[in-house]
Amino acid sequence: MTPYLPLSALRAFEAVTRTGSFRAASSDLRLTPSAISHAIRGLERTLGAALFVREGRSIRLTGEGETLMHHVERGFGELQLGIGSISTRGPRLLRLHCAPSFAAQWLVPRLRRLLVEAERLEVRIAADTSYTRFVDDDFDADIVYGAPSSHFYGTSGHQGVVVLPLGTEMVSPLCAPEVAARIRTARHLLSETLIESEQKKLRWPAWFAANGLLAPEPRGPRFDRSFLSLSAAADGLGVALESMLLAERELASGRLVRPLQGICDDVAYTGHWLVFPRAKRYSQSIIVFVDWLVKELGLEVDPF
C-alpha cells in the first residue's frame, strides 16, 4: 500500500532540493529551519529511506533522494502547468536578465516577432554583465555571456538550474566597406586599426594564431561591449573581431562586411548560455520563450 505523504512535506523536500539547503528552503517557504528539518525527517521515516546525506553544514541527495526529486519536480510542474493553462487572468510575465550586447543586437530586434507569436506573453528585460543568482525571485531566466561556473549558483551547483548553450558563434574580422577595400590578406590587418572588445572571451590573439600569425600589440580603440565595437567598426573607426550572430543586421544592411571571407579561417566558440531555475521549467512563460529561442537560433535540442 502506498504510504500517505503530506503535501507540505513534499513541498519542503522540493524546496530543499531546489535551493540546496534547509536554511534557504525555510526562507523560500517562510518557515523555520526546524520546521523544514522536521518535515524531511518525517518524510524519510514514512518512506523508510534516507533522502539526504548531511555533511557538516552542507547536504547532498542520496540515490533514493535523486529518484524522488525527479518525480516530485514533475508532479509540482504538471500542477503548475495545469493551473497556468486554465488561468485567463492577465498576461504571462517573463522577467529576463540578459547580456547587454545579446539583448541589443539579437534579442530586441526580434522582440516584436516573439510577442506576436507568443500569445499573452509580457517581457521585461534587464541588461547587465553580471549573472543573476535567482535568490530573490527577481528574474525567471538569464542569458549570460560565457559559461557559468558550476559553483556560481550556490551549494547545489547546477542541480538547481538548467544551463543551455545557445549554439556556436562564428567570430570574424568585420569592418565598413571602405576599410575592407584595402584588406586582402590577414597580414593587411597588421597595418589596420584593430578595435578591441575588452569583455570578449575570444580576442585578436586567438584569431591571428588560428591563421598562423602573431597578433600585433593592441593600439586601437577599446570598448567594454560588443555592440559598441560593432558600431565603431560600422562608422569606419577600424576592424572589429566580433560574432556574426551579433552583427546580423549590420551584415545584412551592408554597413559591415567580412573582408577576409573565404580567405582566412574564422574561429568558432559557444558564447551565450541560457540559465533558468529547474523549478521554472514548467512555467508557461519559460516554455514559450525557450521553445521560441531554440527555434530562432536553429538549435536541435530538447531543453526540457
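Above this text is the structure in question.
Structure report, in brief.

### Here we look at the packing of helix H1 (residues 7-19) against helix H2 (residues 22-29)
At a closest axis distance of 8 Å, the pairing of H1 and H2 adopts a crossing angle of 120 degrees. Relative to H2, H1 is oriented oblique. Pair H1 / H2 crosses with right-handed handedness. Two secondary-structure elements touch here, H1 through Arg11, Ala12, Ala15, Val16, Arg18 and Thr19 and H2 through Phe22, Ala24, Ala25, Asp28 and Leu29. Partitioning the contact of H1 with H2 into residue classes produces 7 nonpolar, 1 polar and 3 charged.

### Topic: the side chain of serine 229
Position of serine 229 relative to the elements: it lies in helix H8 (residues 226-234). Those residues in contact with serine 229 that lie beyond four places of it in its chain are Ile195, Glu196, Ser197, Phe223, Ala240 and Glu242.

### Examining the side chain of glutamate 192
Among the structural elements, glutamate 192 can be located in the loop between helix H6 (177-180) and strand S8 (194-197). The exposure class of glutamate 192 is buried, given its relative accessible area of 8%. A distance of 2.7 Å separates the side chain of glutamate 192 from the side chain of arginine 182, its partner in a polar contact. Glutamate 192 has contacts with Val179, Arg182, Ile183, Arg219 and Val239, leaving out every residue within four places of it along the chain.

### Focus on the nonpolar core
One recurring pattern in soluble globular proteins is that nonpolar side chains are buried together. Phe102, Trp207, Leu274 and Phe289 are the most contacted members of the largest nonpolar core, which totals 59 residues. Sorting elements by how many residues they give to this core places helix H10 (residues 284-297) first, with 7 residues. For leucine 274, the residues in contact, after removing those within four places along its chain, are Ala141, Asp142, Ile143, Val162, Val163, Leu164, Leu166, Phe289, Val290 and Leu293.

### Remarks on the sheet that holds strand S12 (residues 272-277)
Pairing is mixed in the open sheet, where 5 strands are placed in the order S4-S3-S5-S12-S6. Of all the strands in the sheet, just strand S4 (121-127) and strand S6 (161-165) have a single pairing partner and so form its edges. The average undirected angle you get between the axes of adjacent strands in this sheet is 20 degrees. With 5 bridges connecting them, S6 and S12 associate as antiparallel partners. When the bridges of S12 are listed, valine 163 appears paired with valine 275. Helix H5 (residues 100-117) contacts strand S3 (92-98), S4, strand S5 (141-145) and S12 of the sheet and is inclined by roughly 170 degrees relative to S4.

### A few points about the sheet that holds strand S9 (residues 222-223)
In sheet architecture, strand pairing relies on hydrogen bonds along the backbone and comes in two forms, parallel and antiparallel. One open sheet holds the 5 strands; their spatial order is S9-S8-S10-S7-S11, and the pairing between them is mixed. Bordering the open sheet on either side are S9 and strand S11 (267-269), each of which pairs with just one other strand.

### Brief notes about the packing of H5 against H8
The geometry of H5 relative to H8 is characterised by a closest axis approach of 8 Å and an angle of 55 degrees between their N-to-C directions. Taken as axis vectors, H5 and H8 run oblique relative to one another. Where H5 approaches H8, its residues Pro100, Ser101, Ala104 and Gln105 are matched on the opposing element by Ser226, Phe227 and Leu230. Broken down by class, the residue content of the contact of H5 with H8 amounts to 4 nonpolar, 3 polar and no charged.

### Considerations on H5
Three- or four-residue spacings in an α-helix give side chains the same orientation, since the helix completes a turn every 3.6 residues. Helix length check: H5, at 18 residues, gives a terminal C-alpha distance of 24 Å against a target of 26 Å (1.5 Å per residue), a fit within 8%. Considered for burial, the residues of H5 that qualify are Pro100, Ser101, Phe102, Ala103, Gln105, Trp106, Leu107, Arg110, Leu111 and Leu114.

### Some remarks on the pattern of salt bridges
Where charged atoms from two side chains of opposite charge come close, those side chains can pair. Per the stated rule, a full pass over the model turns up 17 salt bridges. Across the salt bridge formed by glutamate 196 and arginine 203, the nearest N and O atoms sit 3.2 Å from each other. With a relative accessible area of 27%, arginine 203 lands in the partly exposed category. Among the ionic contacts, a cluster of salt bridges with common partners joins Arg110, Arg113, Glu248 and Glu296.

### Observations concerning H8
Regarding H8, the residues found buried are Ser226, Ser229, Leu230, Ala232, Ala233 and Ala234. On its buried side, H8 packs onto H5, strand S7 (169-174), S8, S9 and strand S10 (239-243). In the stretch just after H8, glycine 236 is the one whose phi turns positive, near 85 degrees.

### Digging into the environment of histidine 38
Along the chain, histidine 38 falls in helix H3 (residues 33-47). Linking histidine 38 and proline 109, residues 71 residues apart in sequence, is a C-alpha distance of 51 Å.

### Regarding the environment of serine 243
Here serine 243 shows up in strand S10. When the C-alpha positions of serine 243 and glutamate 169 are compared, they lie 6.1 Å apart, and in sequence the two are 74 residues distant.

### What about the packing of aromatic side chains?
Enumeration over the complete set of coordinates arrives at 9 aromatic pairs. Among the aromatic residues, those joined into a cluster by ring pairs are Phe102, Trp106, Phe289 and Trp292.

Rules used in this analysis
- Residues numbered from 1 in each chain as written.
- Predicted model: local features only at pLDDT ≥ 70, side-chain atom pairs only at ≥ 80, totals over all residues.
- Heavy atoms only, no water.
- Axes fitted to C-alpha atoms, helices over the stretch in contact; angles between N-to-C directions.
- Helix = DSSP H or I, 4+ residues; strand = E, 2+ residues; numbered from the N terminus.
- Parallel < 35°, antiparallel > 145°, perpendicular 65-115°, else oblique.
- Left-handed = near helix turned anticlockwise from the far one by under 90°.
- Contact = heavy atoms within 4.5 Å.
- Nonpolar A, V, L, I, M, F, W, Y, C, P; charged D, E, K, R; others polar.
- Buried < 20%, exposed > 50% of the residue type's maximum accessible area, 1.4 Å probe, protein only.
- Polar contact = N/O pair within 3.5 Å; in protein donor to acceptor, adjacent residues only side chain to side chain.
- Core = buried A, V, L, I, M, F, W, Y, C linked by side-chain atoms within 4.5 Å.
- Pairing = 2+ DSSP bridges.
- Expected span 1.5 Å × (residues − 1).
- Salt bridge = Lys/Arg side-chain N within 4 Å of Asp/Glu carboxyl O.
- Phe/Tyr/Trp six-rings, centres within 6.5 Å; stacked < 30°, edge-to-face > 60°.

Without other data, these values stay purely geometric and don't point to any function.
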